[in-house]
Amino acid sequence: SYPVGDATSYAPMVVTFPTYTGIVGGTLTGSTTAGQHPQIGTSGIDWTHGVSRYWTLGASGDTLTSLSGSGSYNVLLNFNAGDVLNNGVVSTFEVARYSAGSWSSPAGSATGTQASLPGQTGFGDFVVGPTSSCVAPAGSPAGTTCFCDNFDRTAGLGADCPIPWGMPRRMHRW
């Protein structure tokens, strides 16, 4: 357990190694940072309704820096209810990990004020929130940047659909 937090919030993380018995040396370091991860826009997590903080887990030493295929760990990330943005629905939250310039696909689950992600074999930064509905349409060129129209589908105004930059926009008539 890593009793981490910042000046206003206690946000510990718990790391367990259920499937790896060969650890003979190494050091884990953990921290949390208030606010959004600098690269969250490419994480697959909807940062506007997620947790406004991220956690960093690092490793050093001979057996921790790269866990073999038979070794993994689970991480449990604790946050405060006040860290959840814009009435985000915690039961829809997942976790994504950023390492070496790329994100893992969002996975895991959340309940209350905890998010969990099992089966990790690498270390890095973790973000928590619902998966983003704003992704590039299938067949878009690599590196396409999208934005969402933010229509509220519950009000019958349209679908939350991405429109790649540089593509013509459709006009909506009401």
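Basis of the calculations
Residues numbered from 1 in each chain as written. Predicted model: local features only at pLDDT ≥ 70, side-chain atom pairs only at ≥ 80, totals over all residues. Heavy atoms only, no water. Pairing = 2+ DSSP bridges. Helix = DSSP H or I, 4+ residues; strand = E, 2+ residues; numbered from the N terminus. Axes fitted to C-alpha atoms, helices over the stretch in contact; angles between N-to-C directions. Polar contact = N/O pair within 3.5 Å; in protein donor to acceptor, adjacent residues only side chain to side chain. Contact = heavy atoms within 4.5 Å. Phe/Tyr/Trp six-rings, centres within 6.5 Å; stacked < 30°, edge-to-face > 60°. Buried < 20%, exposed > 50% of the residue type's maximum accessible area, 1.4 Å probe, protein only.

*Asks:* So what exactly am I meant to see when it comes to the sheet that holds strand β7 (residues 109-111) here?
*Replies:* Whether parallel or antiparallel, the strands of a sheet pair through hydrogen bonds between backbone atoms. On the basis of which strands lie adjacent, the open sheet formed by 4 strands has the order β1-β4-β8-β7 and antiparallel pairing. Looking at which strands have only one partner, the edges of the open sheet turn out to be β1 (13-16) and β7. Adjacent strand axes in the sheet meet at a mean angle of 15° when their direction is disregarded. In this structure, β1 lies alongside strand β4 (residues 73-78), joined through 4 bridges in antiparallel fashion. Paired with threonine 16 across the two strands is asparagine 74, which belongs to β4.

*Asks:* For this particular structure, what's the right way to read the side chain of threonine 32?
*Replies:* Mapped onto the elements, threonine 32 comes out in strand β2 (residues 27-34). At 3.1 Å, the side chain of threonine 32 and the side chain of arginine 53 are in polar contact. Those residues in contact with threonine 32, other than ones at most four positions away along the chain, are Val4, Gly5, Asp6, Ala11, Arg53, Tyr54 and Trp55.

*Asks:* Quick question: what am I supposed to make of the packing of aromatic side chains here?
*Replies:* One pair of aromatic rings is described through two measures. These are the centre distance and the angle between the planes. If you walk through the whole model with that rule in mind, you get 3 aromatic pairs. A ring pair is formed by tyrosine 73 and phenylalanine 123, whose centres lie 4.9 Å apart and whose planes are at 5°; its orientation type is stacked. With tyrosine 73 in strand β4 and phenylalanine 123 in the loop between β8 (114-120) and β9 (124-130), this pair connects stretches of sequence that are 50 residues apart. Accessibility assignment for this pair places tyrosine 73 and phenylalanine 123 in one class, buried. Between the aromatic rings of tyrosine 98 and tryptophan 103, the centroid separation amounts to 4.9 Å while the plane-to-plane angle is 55°, which identifies the pairing as tilted. According to the relative accessible area criterion, tyrosine 98 is buried, its value standing at 18%.

*Asks:* Before we go on, may I ask you to explain the environment of glycine 112 in this structure?
*Replies:* When you line up the elements, glycine 112 lands in the loop between β7 and β8. C-alpha of glycine 112 to C-alpha of alanine 81: the two residues are 31 residues apart in sequence and 8.2 Å apart in space. Ignoring any residue separated from it by four or fewer positions in sequence, one finds glycine 112 in contact with Phe79 and Val90.

*Asks:* What is the right way to look at unusual backbone geometry in this model?
*Replies:* Generally, phi is negative for residues other than glycine and the peptide bonds are trans, each holding for most cases. Positive phi is not limited to glycine here, since asparagine 86 has a value of about 50°. By the element assignment, asparagine 86 lies in the loop between β4 and β5 (93-99). Phi angles above zero are rare outside glycine, and alanine 100 is one such case at about 50°. Mapping alanine 100 onto the fold places it in the loop between β5 and β6 (102-103).

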